[in-house]
Amino acid sequence: MDEYGPPRCPHDQIVMRDVPDAWECPHCGHQIEIEPAPMPAVFDGPDIEDYRRRRGV
Ligand SMILES: [Zn+2]
């Protein structure tokens, strides 16, 4: 019942800490790379419309 929060080390079940671009086990140093989160496409504002008008699209 622990689907949220940091993962646990597969070797010793220690809760892993977050380091840049990865989870790291403070006990054995095992690392799991964190996949970059997809950037949300937010183009629902007036900016893109204004951009289109300026470009004549
Ligand atoms: Zn570990």
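So, a few notes on the structure that sits alongside this text.

Cut-offs applied
- Residues numbered from 1 in each chain as written.
- Predicted model: local features only at pLDDT ≥ 70, side-chain atom pairs only at ≥ 80, totals over all residues.
- Helix = DSSP H or I, 4+ residues; strand = E, 2+ residues; numbered from the N terminus.
- Contact = placed C-beta atoms within 7 Å.
- Buried ≥ 20, exposed ≤ 12 C-beta atoms within 10 Å, placed from the backbone.
- Pairing = 2+ DSSP bridges.
- Axes fitted to C-alpha atoms, helices over the stretch in contact; angles between N-to-C directions.

The number of helices and strands found in the protein chain is one helix and three strands. Put simply, the protein chain runs from its N terminus to its C terminus through helices and strands in the order β-β-β-α. Taking as baseline every contact in the protein chain between residues at least 6 positions apart, the subset at least 24 positions apart corresponds to 3%.

Let's shift gears to unusual backbone geometry. In the Ramachandran plot, Gln13 falls in the positive-phi region, its phi being about 65° despite a non-glycine side chain. Counting through the fold element by element, Gln13 comes out in the segment before β1 (17–19). Positive phi, normally seen in glycine, also occurs at Asp21, with a value near 70°. One can find Asp21 in the loop between β1 and β2 (22–24).

Now for the environment of Trp23. Note that Trp23 resides in strand β2. On the neighbour-count criterion, Trp23 (18 C-beta atoms within 10 Å) is partly exposed. In this structure the C-alpha to C-alpha distance between Trp23 and Glu33, which are 10 residues apart in sequence, comes to 6.3 Å. Setting aside residues up to four positions removed in sequence, Trp23 forms contacts with Pro6, Pro7, Met16, Asp18, Gln31, Ile32 and Ile34.

A sheet is described by the order of its strands in space; here three strands give the open sequence β1-β2-β3, paired in antiparallel fashion. Every interior strand has two partners, whereas the edge strands, β1 and β3 (31–33), have only one. Within this sheet the neighbouring strands show an average axis-to-axis angle of 30°, counted without direction. Relative to β2, β1 is paired through three bridges, and the arrangement is antiparallel. Bridge pairing links Asp18 to Trp23 in β2.

Examined against the element boundaries, Cys9 turns out to sit in the segment before β1. Cys9 gets classed as buried once you count the C-beta atoms within 10 Å, which come to 20. A sequence separation of 18 residues divides Cys9 from His27, and the C-alpha atoms of the two residues are 8.8 Å apart. Residues contacting Cys9, with those up to four places away along its chain left out, are Ile14, Met16, Cys25, His27, Cys28 and His30.

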